[in-house]
Amino acid sequence: MSAANLDALEPPKVGATLQALRQAQGLSLDELSRRAGVSKSMLSQIERNQANPTVAVVWRLANALRVELAELLGGERTSPPAIETVPAHGTPSMSSPDGLCQLRILGPIDLAGQFEWYELSVQPGGALESAAHEPGSREHLSVLSGSLVVNAGGAAQTLNTGETARYAVDGPHAIRNQSQQPAVALLVVLHS
């Protein structure tokens, strides 16, 4: 390759692609900065094509956005598989400090903060207590086995196997197992 051809080559401009991916995922510069470990000012400069990021920075941004490196560099979108599976051991979970409640995170992480769904297991005496979510947010709780008591909006409702409750969660709310048997439910959270 001649020197003239090398001069015609320039680094890929990732700014527009970065901005489009960030906005499509509903991420602020602050949130992407936190996820990727890249300063907000650097992100802003990259999006405005005022800075060319290093390979390490592009790699961190691609991971934070959950896209292939090639997509961020060249705007190429790889086709997702026809069916994506997650093995049982690959499903993340969280437990309450007392170990009486367990949430298996069934929804993809890229929908967190918008639409989330969980498998909730609550042992006798266990409670999942939550602070208020954004105004207009709602939960949908479907009991698969056992019984649970939902406290929301100053009211309490007992749900038995097969029953579903839908309720506002823009105030403190809780799900409790006041029975002597373990309970399992599906919990869907719709953020506003």
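Residues numbered from 1 in each chain as written. Predicted model: local features only at pLDDT ≥ 70, side-chain atom pairs only at ≥ 80, totals over all residues. Heavy atoms only, no water.

Peer 1: Honestly, the sheet that holds strand 3 (residues 115-122) in this entry has me stumped. Any pointers?
Peer 2: Strands pair in a sheet through their backbones, by hydrogen bonds, and they do so in one of two ways: parallel or antiparallel. If you trace the six strands from one edge of the open sheet to the other, you get 1-2-3-10-5-8, paired in antiparallel fashion. On the outer flanks of this sheet lie strand 1 (93-95) and strand 8 (164-168), each paired with one strand and no other. Within this sheet the neighbouring strands show an average axis-to-axis angle of 20 degrees, counted without direction. As judged from the five bridges shared by strand 5 (residues 138-145) and strand 8, these two strands associate in the antiparallel manner. The partner of His-140 across the bridge, within strand 8, is Arg-166. (Pairing = 2+ DSSP bridges. Helix = DSSP H or I, 4+ residues; strand = E, 2+ residues; numbered from the N terminus. Axes fitted to C-alpha atoms, helices over the stretch in contact; angles between N-to-C directions.)

Peer 1: It is not clear to me how the side chain of Arg-22 should be interpreted in this structure. Could you clarify?
Peer 2: Its location among the elements puts Arg-22 in helix 2 (residues 15-24). For Arg-22, the residues in contact, after removing those within four places along its chain, are Leu-27, Ser-28, Leu-29, Leu-32, Glu-47 and Leu-65. (Contact = heavy atoms within 4.5 Å.)

Peer 1: Help me out: how do you make sense of the side chain of Ser-121 in this one?
Peer 2: Note that Ser-121 resides in strand 3. When neighbours within four sequence positions are excluded, Ser-121 is seen to be in contact with Leu-100, Cys-101, Gln-102, Ala-183 and Val-184.

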